Amino acid sequence: MHTTIRTKLCLLLLLLGSLLYAGSDYTTYDRGIGAQAGRLSGTGLSYHLRLNDVSAFQTTLGLFYESDEFYLSLDYALGVEYQHTFYSDSYADWFAADLYWFAGLNHSGSMYLADSSEYSTDFTPSFSFGGGFGVEPILFGHFSLPVSFGYGLFYTPSSAALYRQVSVSFLAQIGARYRF
């Protein structure tokens, strides 16, 4: 019992010490990994790379696989965004924020295979691009929660008329990343 309390106390002190040390300069961390969820950015694992003080690229890759004895489903998404910071400020040693505009591209698709008396395959690709504005609060120099809003144009090729293949919709995206 005393060993677990000591272990938890040591881990807590280590965590607090690292958080206090990490808040010194948030601009030195130019890379980040985490997760992203959004229709334009894609839903999955993301990688963030700052090119300089105002420019950054973000890439998101998502793969979803599901199957049982009657069907197989595979969905994928690949999103790439350019982000340009137009305002950045550090409010304390442990809190900073960036305001940015973004432009992005996405390619996604889904494949469905059904195992029945007739073997059917359905593949649906989708292409999109869009842009908008976002805010990225940065906590303790390493942790950030980017939130962005904008509009996107989505194209899903099919045999329908062109105006049914294209849609424009509002975007709301969120992520969580560790910067290093």
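Higher on the page you've got the structure.
Treat the numbers as computed from the prediction; the structure is a model and nothing was measured.

Procedures and definitions
Residues numbered from 1 in each chain as written. Predicted model: local features only at pLDDT ≥ 70, side-chain atom pairs only at ≥ 80, totals over all residues. Heavy atoms only, no water. Phe/Tyr/Trp six-rings, centres within 6.5 Å; stacked < 30°, edge-to-face > 60°. Helix = DSSP H or I, 4+ residues; strand = E, 2+ residues; numbered from the N terminus. Buried < 20%, exposed > 50% of the residue type's maximum accessible area, 1.4 Å probe, protein only. Lys NZ or Arg CZ within 6 Å of the ring centre and 35° of its normal. 1 Å grid on protein atoms, 1.4 Å probe; cavity = no way out; pocket = protein on both sides within 12 Å on 5 of 7 lines; lining within 4 Å. Points joined across faces, edges and corners; volume = space filled by probe spheres on them. Nonpolar A, V, L, I, M, F, W, Y, C, P; charged D, E, K, R; others polar. Pairing = 2+ DSSP bridges. Salt bridge = Lys/Arg side-chain N within 4 Å of Asp/Glu carboxyl O. Polar contact = N/O pair within 3.5 Å; in protein donor to acceptor, adjacent residues only side chain to side chain.

*Asks:* Looking at this structure, I do not really get the packing of aromatic side chains. What am I missing?
*Replies:* Given two aromatic rings, one states the distance between the centres and the angle between the planes to describe the pair. Counted under the stated rule, the structure contains 9 aromatic pairs. Ring geometry for W94 versus F140: centroids 5.9 Å apart, planes at 35°, classification tilted. One end of the pair, W94, is in the loop between β4 (71–92) and β5 (95–114); the other, F140, is in the loop between β6 (120–139) and β7 (143–144), with 46 residues separating them in the sequence. Relative accessible area serves as the criterion here: at 46%, W94 is assigned to the partly exposed category. A relative accessible area of 24% places F140 in the partly exposed class. Feature note: the residues Y91, W94, F95 and F140 constitute an aromatic cluster, connected by ring pairs. Over the face of the ring belonging to F154 we find R39, whose NZ or CZ atom lies 3.7 Å from the ring centre.

*Asks:* Any chance you could explain empty space enclosed by the protein here in plain terms?
*Replies:* One way to see where empty space is left: roll a probe the size of a water molecule over the atoms. Applying the stated criterion across every chain yields a total of 1 cavity of 30 Å³ or more. Each pocket or cavity is described by its volume, and for the largest cavity that value is around 40 Å³. If you go around the largest cavity, the residues you meet are R50, A56, Q83, T85, D98, Y100 and E136. Only β4 and β5 provide two or more residues apiece to the lining of the largest cavity. Residues belonging to the lining of the largest cavity are distributed by class as follows: 2 nonpolar, 2 polar and 3 charged.

*Asks:* I'm lost on the pairing of strand β2 (residues 44–50) in this one. Help?
*Replies:* Looking along a regular strand, one sees the side chains alternate between the two faces of the sheet. Where strand β1 (residues 31–37) and β2 come together, 6 bridges link them in antiparallel fashion. Among the inter-strand pairings, I33 is bridged to a residue of β2, identified as Y47. Connecting β1 to the next strand, β2, in antiparallel fashion are 6 residues, including G42 with a positive phi near 95°. Sheet topology places β2 next to strand β3 (residues 55–67); 6 bridges connect them, and they run antiparallel. Paired with Y47 across the strands is T59, a residue of β3.

*Asks:* Can you walk me through the pattern of salt bridges in this structure?
*Replies:* For side chains bearing opposite charge, pairing can occur when the charged atoms are close. All chains considered together, the criterion is met by 4 salt bridges. Linking E136 and R177 is a salt bridge whose minimum nitrogen-to-oxygen distance equals 2.7 Å. Taken together, the residues E136 in strand β6 and R177 in strand β9 (residues 166–179) connect sequence positions 41 residues apart. Of the two residues, E136 and R177, both sit in the buried class. Given the relative accessible area of 2%, E136 is considered buried. Among the charged side chains, a network of salt bridges with common partners joins E136, R177 and R179.

*Asks:* Is there a simple way to think about the environment of S88 in this case?
*Replies:* Locating S88 in the fold gives a position in strand β4. Taking the relative accessible area as the measure of exposure, S88 reaches 37% and is therefore partly exposed. A C-alpha to C-alpha distance of 9.6 Å links S88 and V135, two positions 47 residues apart in sequence. Polar contacts involving the side chain of S88 include one to the side chain of D98, which spans 2.6 Å.

Limitation: the analysis is restricted to geometry and does not speak to function.
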